[in-house]
Amino acid sequence: MINLKPPEARASTSAPVTAEKALSSIISRGWKEVRDSADADLRLMKNRANSFKDLASSFDRELENFLHSASKSTFAVPAIGSSPSESDFVKRLKPKLSEFRRTYSSPDFSRKVLEKLSPRASIRIDLSAIRNAIVSEVEDGEGAVDFDEKGRLRRGRRVGFKDFRWEESHLKDWEPVRALKTRLRELERKSSSSEILESLKNSEFVEKVKSSMEVPPLDVPELFAYLVRQSRPFLDQLGIRRDISDKIVESLCSKRKNQLLLRSTPAGESSIVESDNIGDELDVRIASVLQSTGHCYEGGFWTDSSNHDTTNGKRHVAIVTTASLPWMTGTAVNPLFRAAYLSESAKQDVTLLVPWLCRSDQELVYPNNLTFSSPEEQEAYIRNWLEERVGFKTDFKISFYPGKFQKERRSIMPAGDTSQFIPSKDADIAILEEPEHLNWYHHGKRWTDKFNHVVGIVHTNYLEYIKREKNGAIQAFFVKHINNLVMRAYCHKVLRLSAATQDLPKSVVCNVHGVNPKFLEIGEKVDAGRERGEQAFTKGAYFLGKMVWAKGYRELIDLLAKHKKDLDGFNLDVFGNGEDAHEVQSTARKLDLNLNFMKGRDHADDSLHGYKVFINPSVSDVLCTATAEALAMGKFVVCADHPSNEFFRSFPNCMTYSTPEDFVAKVREAMANEPQPLTSEQRYNLSWEAATQRFMQYSELDRVLNINDKEVDSQSSQNNHQIMKKSVSMPNLTGVVDGGLAFAHYCFTGNEFLRRCTGAMPGTREYDMKHGEDLHLLPPQVENPIYGW
């Protein structure tokens, strides 16, 4: 076994004893014994030299094993670790061969080794004084120097220190060191020889490098095609249709369509994409080239580098909406139910953020002259209303942000930066109800920068309303592009309740609204009474909705006026209040229509339970809540064949019409027959439990919140099995465009003159003093100071 303990370490333990013996020999035994002791020391040094020679031989064998293993296998680190002894040896001998050669080829190497291996005491004793004294005595007495028992000097024959010399035989003992240096030079030459080069040629590592270099570089048409494909958001804002950009991409890549993936796929492997979609092929082509270069993309130019901490084990969902109870509108009711059912899960905390109106605006918006003196009072009203209908204790937080009512648009507009009313510690997931409405004049923190995941839910078909106004076509053009901008800039995912809305970026169509449980209970009571033989419905047809022309009143009057004779004897009760009530009623009276106008009331009111047919000719709704409620109560619904009613077609009691004549036929059919009872599956599809499940799936919150991980991973793997897993090195030019649009929108909304020109209310860039007092906020001058006064 090789002793790897340094010679100086071994010498350090015996050196004190050797020095003591040497001194004792000089003093008590005479010069002869001193010389014998020196001979013994030389033999010890010879043994140590042999030990170092064995160490050098072992080193030689280890290097040969290393080179032998490199020639048989790939020249990679794992091949060295194939043997435990080799691994341990290599770990101990980290320096390179060149460093060994440089060290052991030094001219002073032998001298340094001799100095290291020569025996010396750990406690150094200067013997020069003793030697001088001995020499002096010898020169005087010409005899040997010795000591008696009492320590006195004795005279004797003089022996000089010059007689003690190194012999040539001792120097030959260091021949192994010279052999070691020679062997190291030979091994270094061998390491750069053709044998090592041949092993590198056949190695797996070199094959991978070679294969990566075989991916051909991108040419100019491919780069231009990828730029056009990634610039779709910007082209959309310019009004260039998506099919035009697709044709440009296809024309640029048509010459190489059959070679794109063949050249980027290693030999012997099948094509990664089996698709005719040239865009997918181009994406894979770009990804393969970037992966071959090892490039890693760190993020977008406009993206926020801050990471939100969600390691506390519980996520937070903030639902931001544009209306609040007691205003009975869809954006007030539906987000409230969504917050209640999302908060049932223990996986996330929920905050509902609703607008707070000052007393003057409350009198204009809330019905029956109902007003609140504080946010706490309004919160109590909201919770009581909700818990009476859902039947369980709600556990979510309600917060308020400043809002102002705009009479011209009949809408509540945010005042100031709405995102600042969600603390940064709770800024995890945001659900924006009517995101276009919330962000038209938003001047503050970008939602996608502050929150990890932002979902927008489109409630209203604004383009349909705007087209009905003066110069509506021009206004609709600008609003369409502004809506595209805010969706790209502020949302990760957009849900459209129906296809009636404009085609927005990042959007998918899905009904994520449910029905108030109270309406399902009414329907169950109707079915139970029918089973007992009771008459389910005692009244005819009715219509319910806010009395403004855009809510279907124009279509209703036109249909009844055109087919007045065909519907002779047909009476319709109309329930609603609104800004156009007087004009609607006067028009109906002039045409002598059989319409009975009544004040608006809750759809769940007992006076409405007896009606059998609900008439809804509106084509401006995105998804009419009243239609869903009427179906839940077991009534017939006669509605237009329109994308907003697509979800209701699967229900047997829903009758859609496409022409005025078809409308007359469906009304007569509904009045002459009885509705079918709803099945348990149909009731569930109308419920908020089903709506919440659809919302979690289509908004991707089930993935974000780690709900049903296995199902989501399985579904995503099935959807993407034809698409190559894109590398993280893929640059996302879409993110750069979205960030640029967000920055431009921020600059635009920061100018009060530009805000006013586009229809913003004065003073909505910041909240005012009254809002600060009601919501206990800092004065706006302190919250957002203007420096330079």
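Presented here is an overview of the structure given in this document. Position numbers for residues start from 1 in each chain and track the written sequence from start to end. Thresholds applied to this predicted model are a pLDDT of at least 70 for local features of residues and 80 or more for the giving and counting of side-chain atom pairs; totals over whole chains, interfaces and linings are not thresholded and use all residues. Hydrogen atoms and water are omitted, and side-chain values are computed over all heavy atoms in the structure.

### Here we look at the overall build of the protein
And then number 1: By the criteria applied, helices consist of DSSP H or I runs no shorter than four residues and strands consist of E runs no shorter than two, each listed in order from the N terminus. When its secondary structure is counted, the protein shows 36 helices and 16 strands.
And then number 2: In the protein, buried positions account for 44% of the 789 residues.
And then number 3: Taking as baseline every contact in the protein between residues at least 6 positions apart, the subset at least 24 positions apart corresponds to 70%.
And then number 4: When the accessible surface of the protein is totalled, it reaches about 42,600 Å², and 52% of it is carbon and sulfur. The buried label applies to any residue whose accessible area, calculated with a 1.4 Å probe on protein chains only, is under 20% of its type's maximum; exposed applies above 50%, and partly exposed to all values in between. By definition in these notes, contact holds between two residues if any of their heavy atoms fall within 4.5 Å. Where accessible areas are quoted, they stem from the Shrake-Rupley method and a 1.4 Å probe; at the residue level, only the protein chains shown are allowed to cover.

### Quick word on unusual backbone geometry
And then number 1: Cis geometry is found at the peptide bond from Leu325 to Pro326, where omega equals 10 degrees.
And then number 2: Here Pro326 is to be found in the loop between strand E3 (315–320) and helix H17 (330–342).
And then number 3: Phi is positive for Glu700, close to 65 degrees, though the residue is something other than glycine.
And then number 4: Looking at the secondary structure, you find Glu700 in the loop between helix H30 (688–698) and helix H31 (701–704).

### Quick notes on the pairing of strand E11 (residues 539–544)
And then number 1: Following DSSP output, two strands are said to pair if at least two bridges run between them. The pairing of E11 with strand E14 (residues 611–616) spans 3 bridges and is classified as parallel. Paired with Ala541 across the two strands is Val613, which belongs to E14.
And then number 2: Look down the strands so they point away from you; if going from the first strand over the helix to the second traces a clockwise path, that crossover is right-handed. The parallel pair E11 and strand E12 (residues 572–575), bridged by helix H25 (residues 553–562), forms a crossover whose chirality is right-handed.

### Some points on helix H23 (residues 472–490)
And then number 1: The span expected for a helix works out to 1.5 Å for each residue beyond the first. End to end, H23 covers 26 Å across 19 residues, agreeing with the expected 27 Å (1.5 Å per residue, within 8%).
And then number 2: For H23, the full list of buried residues reads Gly472, Ala476, Val479, His481, Asn483, Asn484, Leu485, Val486, Met487, Arg488, Ala489 and Tyr490.

### Comments concerning the pairing of strand E15 (residues 636–640)
And then number 1: Among the 5 residues of E15, 5 are classified as buried, and the element is accordingly described as predominantly covered.
And then number 2: Since E14 and E15 lie parallel, the crossover through helix H27 (residues 625–632) that links them has a hand, and here it is right-handed.

### So, the nonpolar core
And then number 1: By nonpolar core is meant a set of buried Ala, Val, Leu, Ile, Met, Phe, Trp, Tyr and Cys residues that side-chain atoms within 4.5 Å join together. Core analysis: the biggest nonpolar cluster contains 102 residues, and Phe396, Leu560, Leu572, Ile615, Phe663 and Phe695 have the highest contact counts within it.
And then number 2: The element that contributes the greatest number of residues to this core is H17, accounting for 8 residues.
And then number 3: Domain extents, as shown, originate in an automatic or database domain assignment. Mapped onto the domain boundaries, this core takes at least three residues apiece from domain 1 (315–513 + 734–775) and domain 2 (517–686).
And then number 4: Non-local contacts of Phe695, meaning those with residues more than four positions away in its chain, are made with Arg338, Leu342, Ile431, Val455, Ile457, Leu495, Val512 and Leu701.
And then number 5: Counting residues in each nonpolar core, the second largest holds 25 residues, with Val458, Met487, Val494 and Ala742 among its members.

### Quick notes on the sheet that holds E12
By way of backbone hydrogen bonds, the strands of a sheet pair with one another, either parallel or antiparallel.
And then number 1: Here we have 6 strands laid out as an open sheet, ordered E13-E12-E11-E14-E15-E16, and parallel in their pairing. Sheet topology places strand E13 (595–598) and strand E16 (654–657) at the edges, where each strand pairs with a single neighbour. Strand-to-strand twist of the sheet, defined as the mean angle between neighbouring strand axes without regard to direction, takes the value 25 degrees.
And then number 2: Bridge count between E11 and E12: 4 bridges; the pairing is parallel. In the strand pairing of E12, Ala541 is matched with Leu572. For helices, the fitted axis covers only the stretch in contact; all axes are lines through C-alpha atoms, and the angles between them, taken along N-to-C directions, range from 0 to 180 degrees.

### Some thoughts on the environment of Ser419
And then number 1: With respect to the element layout, Ser419 can be found in the loop between strand E6 (411–414) and strand E7 (429–433).
And then number 2: Relative accessible area serves as the criterion here: at 1%, Ser419 is assigned to the buried category.
And then number 3: For the pair formed by Ser419 and Lys445, sequence separation is 26 residues and the distance between their alpha carbons is 6.6 Å.
And then number 4: For Ser419, the residues in contact, after removing those within four places along its chain, are His442, Lys445, Trp447 and Lys450.
And then number 5: Counting of polar contacts relies on pairs of N or O atoms within 3.5 Å, with two restrictions inside protein: one atom must be capable of donating a hydrogen and the other of accepting it, and residues adjacent in sequence are counted only when both atoms are side-chain atoms. Among the polar contacts made by the side chain of Ser419, one reaches the side chain of Asp417 at a distance of 2.7 Å.

### Overview of the environment of Thr321
And then number 1: With respect to the secondary-structure elements, Thr321 resides in the loop between E3 and H17.
And then number 2: Placed 111 residues apart in sequence, Thr321 and Leu432 show a C-alpha to C-alpha distance of 6.3 Å.
And then number 3: When near neighbours in sequence (up to four residues on either side) are disregarded, Thr321 contacts Thr331, Pro335, Leu352, Leu353, Val354, Pro355, Tyr401, Glu433 and Leu438.
And then number 4: Within the structure, the side chain of Thr321 is placed 2.5 Å from the backbone oxygen of Thr331, a separation counted as a polar contact.

### Concerning the packing of H17 against H30
And then number 1: H30 packs onto H17 with a crossing angle of 85 degrees between their chain directions and a minimal axis gap of 10 Å. In terms of orientation, H17 and H30 fall into the roughly perpendicular class. Packed against H17, whose contacting residues are Asn334, Phe337, Arg338, Tyr341 and Leu342, the element H30 presents Trp688, Glu689, Thr692, Phe695 and Met696 at the interface.
And then number 2: Each residue receives one of three labels: charged for Asp, Glu, Lys and Arg, nonpolar for Ala, Val, Leu, Ile, Met, Phe, Trp, Tyr, Cys and Pro, and polar for the others, Gly being one of them. Class assignment for the residues of the contact of H17 with H30 results in 6 nonpolar, 2 polar and 2 charged. Each angle receives one of four descriptions, namely roughly parallel if under 35 degrees, roughly antiparallel if over 145, roughly perpendicular if within 65 to 115, and oblique otherwise.

### A look at the packing of H17 against helix H19 (residues 375–390)
And then number 1: Interhelical geometry of H17 versus H19 gives an angle of 70 degrees and a closest axis separation of 11 Å. When the interaxial angle is binned, H17 and H19 end up roughly perpendicular. Crossing of H17 against H19: the hand is right-handed. Contacts from Val333, Leu336, Phe337, Ala340 and Tyr341 in H17 reach Ile382, Trp385, Leu386, Arg389 and Val390 in H19. Note on convention: near helix rotated counterclockwise from far helix by under a right angle means a left-handed crossing. Clockwise means right-handed.

### Some thoughts on the pattern of salt bridges
And then number 1: Each salt bridge in this description consists of a side-chain nitrogen of Lys or Arg and a carboxyl oxygen of Asp or Glu lying within 4 Å of one another. Throughout the structure, instances matching the rule amount to 24 salt bridges.
And then number 2: When the shortest N-O distance is used, the salt bridge between Arg683 and Asp527 registers 2.2 Å. Residue Arg683 is found in helix H29 (residues 680–686), and its partner Asp527 is found in helix H24 (residues 517–531); the two are separated by 156 residues along the sequence. Comparing Arg683 with Asp527, the two get one shared label, buried.
And then number 3: Across the pair Lys666 and Asp662 runs a salt bridge, and its minimum N-O distance is 3.7 Å. Taken together, the positions of Lys666 and Asp662, both in helix H28 (residues 660–672) and 4 residues apart, correspond to about one turn of that helix.
And then number 4: Each of Arg410, Lys546, Glu579 and Asp580 takes part in salt bridges that share partners, so that together they form one network.

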